[in-house]
Amino acid sequence: MPPSQPGDERASRTPLLEVVVPARNEEQRLPGGLLELCAKLARMPFPTAVIVVDNNSTDRTAEIVKNWPRGAVPVRLLQCAIPGKGAAVRAGLLGTTAPFVGFCDADMATDLDAIDAACGLLLSGERVVIGSRGHAGSHVENRHSKIRELGAFGFRALAGVLVPGVSDTQCGFKFFDGVLARETAALLRTPGFAFDVELLARCVERGSPVREIAVRWHDKPGSSFSPARHTFGIVLELGRIWLRLRAHSRTPARPAWEPPLDPVGSP
């Protein structure tokens, strides 16, 4: 029998929190991000786990996760064949079982100390807690181009119609009551970058308001988002979300994943 490893006892316990990390061709950023995330989660006062969702990577992303060393925070791999960050996050959320779940980007651009605040709010009864770069208490280091900043302004204006009162739908740091996350993820139809808007809108639709918290956010190179390639597709996604939400308010939801015939917004 192999000798026990540090953290084996903790890792064998049912996690209270599972964190999903969507990843497409992240062999450069994922090792550092996972190391940072696991170190943070290992310091939490309860068992935790990580799910990395490989979204059709053509590099060593999946291999990195498969070979990740055993420790206090279990890391497992899920595969998602449907292209798009939204599809990957959906698959990850549906693969969770914990009472509380969340997701963050592979680059860990949001300082992970915000997990403490998010979990505290979830334990106190909040059901949707998200990081917001628009929060008055947030510290944001942004190196985006003026074109990307202009596009972000326009996106926020459109997203505000679907999720009123939320200042930042796109920060890659969101935590939920586990049951709500899985029920809501089953309804998602947006595979690309605008999926956050549908996810939050459906949470609100189910009676769970969104709580925004301050974060420290540092722009990191390597993002797969390109204003030139993705802006038109995102506008179409927002239009489709608006139509789906209107239709859903009139008819019962269908639980099966139904990707659009012409998916847009893929990384």
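This one's a predicted model, so the numbers in the text were calculated from it and none came from an experiment. Each chain has its residues counted from 1, following the order in which its sequence is written. It should be noted that, the model being predicted, local features are given only for residues of pLDDT at least 70 and side-chain atom pairs only at 80 or more, the latter also being counted only at that level, while totals for whole chains, interfaces and linings use all residues. Just so you know, side-chain values use all the structure's heavy atoms and leave hydrogens and water out.

Participant: How do you make sense of the packing of helix α4 (residues 85-94) against helix α7 (residues 178-185) when you look at a structure like this?
Facilitator: The axes of two packed helices give the description: the angle between them and the distance between them. Running from N to C, α4 and α7 cross one another at 135 degrees; their axes reach a closest spacing of 9 Å. One finds that α4 runs oblique with respect to α7. Viewed along their axes, α4 and α7 form a crossing whose handedness is left-handed. For the pair α4 and α7, the contacting residues are Arg 90, Leu 93 and Leu 94 in the first and Ala 181, Arg 182 and Ala 185 in the second. Whenever a helix is involved, its axis is fitted only over the stretch in contact; in every case the axis is a line through C-alpha atoms, and angles between N-to-C directions fall within 0 to 180 degrees. The numbering of helices and of strands both runs from the N terminus, where a helix is a DSSP run of H or I of at least 4 residues and a strand a run of E of at least 2. Any angle between 65 and 115 degrees counts as roughly perpendicular, while under 35 counts as roughly parallel, over 145 as roughly antiparallel, and the rest as oblique. Each crossing is labelled by how the near helix is turned from the far one, with a counterclockwise turn of less than a right angle marking it left-handed and a clockwise turn marking it right-handed. Between two residues, a contact is recorded if the distance between any of their heavy atoms is within 4.5 Å.

Participant: Help me understand the nonpolar core, please; the structure alone is not making it clear to me.
Facilitator: Where a protein is soluble and globular, its nonpolar side chains tend to be buried together. Within this scheme, the nonpolar core is defined by two criteria: the residues are buried Ala, Val, Leu, Ile, Met, Phe, Trp, Tyr or Cys, and they are joined through side-chain atoms within 4.5 Å. The rule is simple: take the accessible area with a 1.4 Å probe, protein chains only, and divide by the maximum for that residue type; under 20% is buried, over 50% is exposed, in between is partly exposed. Membership of the largest hydrophobic core comes to 37 residues, with the highest contact counts inside it found for Leu 17, Val 21, Leu 37, Leu 41, Val 50, Val 52 and Ile 115. Among the elements of the structure, β1 (17-23), α2 (30-42), β2 (48-54), α3 (61-66), β4 (100-104), α5 (114-123) and β7 (173-177) are those that each provide at least two residues to this core. By residue number, the principal contributor to this core is α5, which donates 6 residues. In this structure, Leu 41 is in contact with Arg 10, Leu 17, Val 19, Thr 48, Ala 49, Val 50, Val 73 and Ile 115, ignoring residues within four places of it in sequence. Counting 36 residues, the second largest nonpolar core, distinct from the first, contains Ala 88, Ile 130, Val 197 and Ala 201.

Participant: Whenever I open this one, α4 confuses me. Can you help?
Facilitator: What sets the pattern is the α-helix's 3.6 residues per turn: residues three or four places apart point alike. Taking burial as the measure, the 10 residues of α4 include 8 buried ones, the bulk of the element. Every buried residue of α4 is accounted for by Lys 85, Gly 86, Ala 87, Ala 88, Val 89, Arg 90, Gly 92 and Leu 93. Buried positions along α4 lie against β1, β2, β3 (75-79), β4, α7 and α8 (195-205).

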